[in-house]
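So you can see what is in the structure, the chains are spelled out below.
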Amino acid sequence: MKFAAACSLALVASASAFAPAATSSRNSALQLSKEDFANAGKAALAGVAAVALMGQPAQAITKSELNELTYLQVKGTGLANRCPEVVGEGKITPKSGQKLVEMCIEPKAWAVEEEIGKGGKTEKKFVNSKVMTRQTYTLDGVEGPIETSGGNLVFKEKEGIDYAATTVQLPGGERVPFLFTVKDLVAKGNGPSFVPGFQMGGDFNTPSYRTGLFLDPKGRGGTTGYDMAVALPGLQSGEEGDDELFKENNKVFDVTSGRIEMEVNKVNEEEQEIGGVFVATQLSDTDMGSKVPKKILTKGIFYARVD
């Protein structure tokens, strides 16, 4: 009995050692106004995220520690959805031809812009939201070349797992899907070296949440399927009959733009690693052109290595 109890305690201790960080930060308060969203493209907002994310999780794990784990040790723990932490405050000056590799971007909090009515007036505010997607919303393996322009570093994203279909839920129960991504990102920095306080940011493209092969409940699609709702012919005949369902029938592959701002707060010169926080803004899914997209604000942490 004593041996069995000891084994049980050992298994519990082993499992807890690789348990993911507490996910309470998913619902972190994001009381931002419309003006905050307009200024989200500024690196100052990244500083706000740095304060919000200052407390590091107790189970923080570095890249080297993560590389030592086996598949079975990672499976089912949520570690695959987390970005490694960086230890150190050194300085890295990239040389010609080097790249940022193994970039990991992990969201920690989400907000959706909504119109809030009060006293007969309406104003747009960001509302706290809860992520409904399982732990598959982190971008990983993103990489691209580092160039120098005017004495400042410029990162151009080229490849990697650079998109993740994500859904968040508003307090009222409405769910908002969006494609979290940094595709074709061109991030311009404010200096020639990665040091704590270094900031970079730029625009990226957000592809459609769904592709042309997707069929809606009535069998309509962008490149395949019906071109009208077969069960509703009376609403889609004549010169004006299609107006009401025009957007539903004519699917489009929308590509919108977003913006991300990053601030480095940790630099490991020996391992050539950088880590920090980010703030990203983008539009949600349009249901292939039939719905008006909402503005999404995402905050989190990132990791990358200079190679």
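About the thresholds
- Residues numbered from 1 in each chain as written.
- Predicted model: local features only at pLDDT ≥ 70, side-chain atom pairs only at ≥ 80, totals over all residues.
- Heavy atoms only, no water.
- Helix = DSSP H or I, 4+ residues; strand = E, 2+ residues; numbered from the N terminus.
- Contact = heavy atoms within 4.5 Å.
- Areas by Shrake-Rupley, 256 points an atom, 1.4 Å probe, with all protein chains shown as cover.
- Core = buried A, V, L, I, M, F, W, Y, C linked by side-chain atoms within 4.5 Å.
- Buried < 20%, exposed > 50% of the residue type's maximum accessible area, 1.4 Å probe, protein only.
- Pairing = 2+ DSSP bridges.
- Salt bridge = Lys/Arg side-chain N within 4 Å of Asp/Glu carboxyl O.
- Phe/Tyr/Trp six-rings, centres within 6.5 Å; stacked < 30°, edge-to-face > 60°.
- Lys NZ or Arg CZ within 6 Å of the ring centre and 35° of its normal.
- pLDDT = per-residue confidence, 0-100.

Now for the overall build of the chain. Regarding its fold elements, the chain presents six helices and 12 strands. For the chain, the proportion of contacts with a sequence separation of at least 24, taken over those separated by at least 6, is 66%. Roughly 16,400 Å² of accessible area belongs to the chain as shown, and the carbon and sulfur atoms make up 53% of that amount.

A word on the nonpolar core. Formed by 38 residues in total, the largest nonpolar core has its most connected members in L100, M103, I105, F194, M200 and I274. Examining the composition of this core, we find that five residues originate from one element, strand β1 (residues 99-118), more than from any other. If near-sequence neighbours (up to four positions away) are discounted, M200 is found in contact with L100, M103, F155, A187, K188, G189, F194, I260, E261 and M262. Listed in part, the six residues of the second largest apolar core include C83, V277, I301 and Y303.

Glancing now at the pairing of β1. Most of β1 is tucked away, with 14 of its 20 residues classed as buried. The sheet contact formed by β1 and strand β3 (residues 139-149) spans four bridges and is antiparallel. Paired with I105 across the strands is L139, a residue of β3. One ladder, built from 10 bridges, connects β1 with strand β12 (residues 295-306); its direction is antiparallel.

Moving on, we come to the pattern of salt bridges. Pairs may arise between side chains of opposite charge once their charged atoms sit close together. Scanning the model with the defined rule gives 19 salt bridges in all. Between K295 and E113 there is a salt bridge, with its nearest N and O atoms 3.9 Å apart. Taken together, the residues span a long stretch of sequence, with K295 in strand β12 and E113 in strand β1 at a distance of 182 residues. With a closest N to O distance of 2.8 Å, R220 and D216 form a salt bridge. Taking the relative accessible area as the measure of exposure, R220 reaches 5% and is therefore buried. Taken together, the salt bridges that share partners define one network made up of R210, D285, D287 and K291.

Right, let's talk about unusual backbone geometry for a bit. Negative phi characterises most residues that are not glycine, and trans characterises most peptide bonds. Within the chain, D287 stands out as a residue other than glycine whose phi angle is a positive 55°. By the secondary structure assignment, D287 is in the loop between β11 (273-283) and β12. By relative accessible area, D287 is classed as buried at 16%. Not every positive phi belongs to a glycine, and M288 is a case in point at roughly 60°. Among the secondary structure elements, M288 is positioned in the loop between β11 and β12.

Moving on to the packing of aromatic side chains. In total, this model carries three aromatic pairs according to the counting rule given. Geometrically, the ring pair formed by F194 and F198 is edge-to-face, given 5.1 Å between the ring centres and 75° between the ring planes. Residue F198 is classed as buried on the basis of its relative accessible area, which comes to 3%. Positioned over the ring face of F214 is R210, at 4.3 Å from the centre of the ring.

Further remarks concern the pairing of strand β2 (residues 121-131). As paired elements, β1 and β2 share nine bridges and run antiparallel to each other. Each residue of the ladder has a partner; that of W110, found in β2, is S129. The turn linking β1 back onto β2 is made up of two residues, and G119 within it adopts a positive phi angle of 60°. Here two bridges tie β2 to strand β6 (residues 163-169), and the two strands are oriented antiparallel to one another.

Below, the discussion takes up the environment of G141. Inspection of the secondary structure assignment puts G141 in strand β3. For the pair G141 and D162, spaced 21 residues apart in sequence, the C-alpha to C-alpha distance is 7.8 Å.

What follows is about the confidence of the model for the chain. Of all residues in the chain, 76% attain a pLDDT of 70 or more, and the chain-wide mean is 81. Note on residues 1-38: pLDDT is under 50 here. Beyond four places in sequence and across chains, it has 49 contacts. Overall, residues 46-58 carries pLDDT values under 50, and its contacts beyond four positions in sequence, including any with other chains, amount to 20 contacts.

Moving on: the side chain of T298. Structurally, the position occupied by T298 is in strand β12. Once residues within four sequence positions are removed from consideration, T298 is found in contact with P107, A109, W110, F178, F180, F278, V279 and A280.

Attention now moves to the environment of G78. By the element assignment, G78 lies in the loop between α5 (71-74) and β1. Relative accessible area serves as the criterion here: at 14%, G78 is assigned to the buried category. Taking the C-alpha atoms as reference, G78 lies 9.6 Å from R134; in sequence the two are 56 residues apart.

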